[in-house]
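Per-entry structural report
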Amino acid sequence: SFWHPTRDLVLLTFVDDLLINGYQADIDWFLRKIRERFECKDEEYLQPGQDLDYLGMEVSTHHRNIHISMKKYIENACDILNVQPSARITRPISQAIDTESTPLTYPEHKHFLTAVGMLGWLCNTVRMDVSYAYSRIAQHSATPNQSALKAVHDVFRYLLNTSNLSICINSG
């Protein structure tokens, strides 16, 4: 992130995605400067009733609050991972991973690493409630087994059950 002290402009960057906060005149100044050097797509503005997708995070505003959710990302991840909901999963992780469980095949190992990567993005952006589960499961990335695969799928079932959770920031 960057902060411009005289313009009171805050800029968050992730590769080529920008999120800018400041006065409109300062934002316009910054966009003019960056367009002088780079080809840019049209900007989008956060407005009431209109969500913005920023790196899989749904950013919305309601009254004086900004909400950040990962609902669509979670649903898409579960589709990719072929994880179905289960009402009985109410916690991100509920038991230890059995280290004596059957090792995964190569395709299962790839699937496991994809799931762990998606889970890492979730816990490092909006869903900090799965950070401990991610840490415990990711420890098995070098030699994952059926128990670790079940654990990561259970975390995604938990996330499906709680996909409406969001971060709320009072912007007033």
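Here is a short report on the structure shown in this document.

A few words on helix α2 (residues 71–81). A turn of α-helix holds 3.6 residues, and therefore any two residues three or four places apart point the same way. I74, A77, C78 and L81 are the residues of α2 that are buried. One side of α2 holds all its buried residues, which, seen down the axis, span an arc of 100°. Facing away from the buried side of α2 by over 90 degrees, the exposed positions are K72 and D79. Buried residues in α2 make contact with α3 (106–125) and α5 (146–161). Of the residues one or two after α2, N82 is the one with positive phi, at around 55°.

Quick look at a nonpolar patch on the surface now. Taken together, the side chains of W3, V10, L12 and L19 present a nonpolar region at the surface, about 350 Å² in accessible area. Mapped onto the elements, L19 comes out in strand β3 (residues 17–21). When its relative accessible area of 31% is taken as the criterion, L19 is described as partly exposed.

Turning our eyes to something else, we now look at the pattern of salt bridges. For the structure shown, the criterion picks out six salt bridges. When the shortest N-O distance is used, the salt bridge between R35 and E43 registers 2.3 Å. For E43, a relative accessible area of 34% gives the class partly exposed. A salt bridge links E75 to K71; its shortest N-O distance comes to 3.1 Å. Here K71 and E75 lie together in helix α2, a separation of four residues that amounts to about one turn. You can call K71 partly exposed: its relative accessible area is 27%. Residues joined by salt bridges that share partners form a network here, namely K150, D154 and R157.

For the rest of this paragraph, the subject is the nonpolar core. Of all hydrophobic cores here, the largest spans 34 residues; its most connected members are F112, L119, I137, V152, F156 and L159. Broken down by secondary-structure element, the contributors of at least two residues to this core are β4 (52–54), β5 (57–62), α2, α3, α4 (131–138) and α5. Of all the elements, α5 adds the most residues to this core, at eight residues. Excluding residues within four positions of it along the chain, F112 makes contact with L104, I137, H140, S141, P144, A148, L149 and V152. If you look at the next biggest cluster of nonpolar residues, it comprises six residues, including L11, I27, F30 and I34.

Here we take up the sheet that holds strand β7 (residues 166–170). Taken in spatial order, the four strands line up as β4-β5-β6-β7 in an open sheet, and their pairing is antiparallel. Of all the strands in the sheet, the pair left with one neighbour each is β4 and β7. Neighbouring strand axes in the sheet, compared pairwise and without regard to direction, differ in orientation by 25° on average. When β5 meets strand β6 (residues 65–69), the two strands line up antiparallel, connected through five bridges. Following the sheet pairing, T61 is matched in β6 by I66.

Moving on, we get to the side chain of N145. Secondary-structure assignment places N145 in the loop between α4 and α5. Looking at N145, the relative accessible area reads 4%, which means it is buried. A distance of 2.9 Å separates the side chain of N145 from the backbone nitrogen of A148, its partner in a polar contact. Leave out the neighbours within four places in its chain, and N145 touches I97, D98, T99, S101, T102, P103 and L104.

Here is what the cut-offs are and how they apply
- Residues numbered from 1 in each chain as written.
- Predicted model: local features only at pLDDT ≥ 70, side-chain atom pairs only at ≥ 80, totals over all residues.
- Heavy atoms only, no water.
- Buried < 20%, exposed > 50% of the residue type's maximum accessible area, 1.4 Å probe, protein only.
- Helix = DSSP H or I, 4+ residues; strand = E, 2+ residues; numbered from the N terminus.
- Arc of directions from axis to C-beta.
- Contact = heavy atoms within 4.5 Å.
- Patch = residues over 30% accessible without salt bridge, like charges linked within 9 Å, V, L, I, M, F, W, Y side chains within 5 Å.
- Areas by Shrake-Rupley, 256 points an atom, 1.4 Å probe, with all protein chains shown as cover.
- Salt bridge = Lys/Arg side-chain N within 4 Å of Asp/Glu carboxyl O.
- Core = buried A, V, L, I, M, F, W, Y, C linked by side-chain atoms within 4.5 Å.
- Pairing = 2+ DSSP bridges.
- Axes fitted to C-alpha atoms, helices over the stretch in contact; angles between N-to-C directions.
- Polar contact = N/O pair within 3.5 Å; in protein donor to acceptor, adjacent residues only side chain to side chain.

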